[in-house]
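Chains, contacts and geometry: an overview
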Amino acid sequence: MNVRALRSSCEKVWSAVWVVAMKPQVVFVLGGPGAGKGTQCAKIVQHYSYTHLSAGDLLREERNRKDSEDGSLIDSYIKEGKIVPVEITINLLRKAMEETMKKDENKFRFLIDGFPRNQDNLQGWTRVMDGKADVKFVLFFDCSNDVCIDRCLERGKSSGRTDDNRESLEKRIQTYLQSTRPIIEQYEKQGKVHTINASQDVNEVFADVKKVLDKEG
Ligand code: ADP
Ligand code: C5P
Ligand code: MG
């Protein structure tokens, strides 16, 4: 083998190693509305090398973008507590992941908060991301519906969110029970779910989260 061929082979091997090493590592973060997903993700980011991407935040950002073609659809889905078609959400997530990794190649670990929330979300993920990202596990923040509703109503006093009101919350809880719980159960059958008692106070919840992350890496 001449020097040029050897160098070319080395480059190919190195680039394959790089792709594998940098493949996004994903933790899905699920739980009812107000369970504390965003609060805990913010704490995780302070202590571990994860980037937090909230599907809800990305959708609200897209809804507010002046030239968005999907703004009014997203707006009505959010108020109704319905799950936006995955084509929209997966594009936002994919772009956010790519941009994060482009800016800093060491940022390949992601907390994807509030996704996948139904079968359509899961199918969209599989279609677009299968083989391109590894789902390590699911962090499930388990909290009673009443506590979830109370927390969102309290948050609604200052959040400015169009869905932190009793009418939207009833719909959001129904969506959670009918569409999201089955997704969590599906991952449970694969042994991929870590359930956290999210009714405790913020620091107690985080202590349990830390136990999981310290074990899982
Ligand atoms: P999610 O992202 O799951 O909808 P958030 O993290 O936004 O939930 O939390 C919903 C509201 O409840 C926020 O106002 C937050 O400050 C509050 N909160 C979060 N975790 C707890 C907790 N463990 N105990 C009491 N209140 C909490
Ligand atoms: O997670 P968060 O509470 O911010 O989500 C707010 C709303 O955004 C949801 O009730 C839903 O209407 C929309 N959403 C969605 N698909 C997701 C995540 C959020 O349609 N995967
Ligand atoms: Mg949230």
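Relevant structure appears above.
Residues numbered from 1 in each chain as written. Chains lettered and ligands numbered in written order. Predicted model: local features only at pLDDT ≥ 70, side-chain atom pairs only at ≥ 80, totals over all residues. Heavy atoms only, no water.

1. Describing the packing of aromatic side chains
Short version of the rule: Classification of ring pairs rests on two measures: the distance between centres of Phe, Tyr or Trp rings, Trp counted by its six-membered ring, which must be within 6.5 Å, and the angle between planes, read as stacked under 30 degrees, edge-to-face over 60 and tilted in between. We count a charge as sitting over a ring when the NZ of a lysine or the CZ of an arginine lies within 6 Å of the ring centre and within 35 degrees of the ring normal.
Using the criterion set out here, one finds four aromatic pairs in the structure. Members of the aromatic cluster, each reached through a chain of ring pairs, are Phe 28, Phe 115, Trp 125 and Tyr 187. The ring of Tyr 50 carries the charged tip of Arg 109 above its face, separated from the ring centre by 4.6 Å.

2. Structural notes on the site of ligand 2
The condition that has to hold: Only heavy atoms are used to decide nearness, and a residue is near a molecule or strand if one of them lies within 4 Å of it. Each polar contact in these results corresponds to two N or O atoms within 3.5 Å; when the atoms are within protein, one needs to be able to donate a hydrogen and the other to accept it, and residues that are neighboring in sequence are counted only if both atoms are side-chain atoms. Note that accessible areas follow from Shrake-Rupley with a 1.4 Å probe, and for residues the cover is restricted to the protein chains shown. Numbering of helices and strands runs from the N terminus, with a helix taken as a DSSP run of H or I at least four residues long and a strand as a DSSP run of E at least two residues long.
The local shell around ligand 2 holds 16 residues, among which Arg 60, Lys 82, Val 84, Gly 114 and Arg 117 are the closest. In the model, a nitrogen atom of ligand 2 is placed 2.9 Å from a nitrogen or oxygen of the Gly 114 main chain. Within the side chain of Asn 121, one N or O atom sits 3.0 Å away from a nitrogen atom of ligand 2. Against a free-state accessible area of 450 Å², the protein chains account for coverage of 96% of ligand 2. For the shell around ligand 2, the secondary-structure elements that each account for two or more residues are α3 (55-64) and α4 (71-80). When residues of the shell around ligand 2 are assigned to their parent elements, the largest contribution, four residues, is made by α3.

3. A short note on α3
Operational definition: Note on classification: 1.4 Å probe, protein chains only; a residue is buried when its accessible area is under 20% of the maximum for its type, exposed when over 50%, partly exposed between these limits. Here, residues are in contact when the closest pair of their heavy atoms is within 4.5 Å.
Along α3, the positions that sit buried rather than exposed are Ala 55, Gly 56, Leu 58, Leu 59, Arg 60 and Glu 62. Those residues of α3 that are buried lie in contact with β2 (51-54), α4, α5 (86-103) and β3 (109-113).

4. A look at the pattern of salt bridges
What counts is decided by this rule: Criterion for a salt bridge: a side-chain nitrogen of Lys or Arg within 4 Å of a carboxyl oxygen of Asp or Glu.
For the structure shown, the criterion picks out 17 salt bridges. Between Arg 127 and Glu 87 there is a salt bridge, with its nearest N and O atoms 3.3 Å apart. Note that Arg 127 is positioned in helix α6 (residues 119-129) and Glu 87 in helix α5, a separation of 40 residues in sequence. Take Arg 127: its relative accessible area is 54%, and that puts it in the exposed class. For Glu 87, a relative accessible area of 43% puts it in the partly exposed group. Here Lys 157 and Glu 154 are joined by a salt bridge, their closest N and O atoms 3.0 Å apart. With Lys 157 and Glu 154 both in helix α7 (residues 145-159), this residue pair falls three residues apart, about one helical turn.

5. Brief notes about the site of ligand 1
Note the following rule: Only Asp, Glu, Lys and Arg are considered charged, only Ala, Val, Leu, Ile, Met, Phe, Trp, Tyr, Cys and Pro nonpolar, and every remaining residue, Gly among them, polar.
Around ligand 1 sit 13 residues in total, of which Gly 34, Lys 37, Thr 39, Arg 155 and Gln 200 are the nearest. A distance of 2.9 Å separates an oxygen atom of ligand 1 from a polar backbone atom of Gly 38. Arg 151 places a side-chain nitrogen or oxygen 3.2 Å from a nitrogen atom of ligand 1. In the complex, 72% of the free accessible area of ligand 1, which totals 560 Å², lies under the protein chains. Those elements giving two or more residues to the shell around ligand 1 turn out to be α2 (37-47) and α7. Among the elements that take part in the shell around ligand 1, α2 stands out by supplying three residues, more than any other. By residue class, the composition of the shell around ligand 1 is three nonpolar, six polar and four charged.

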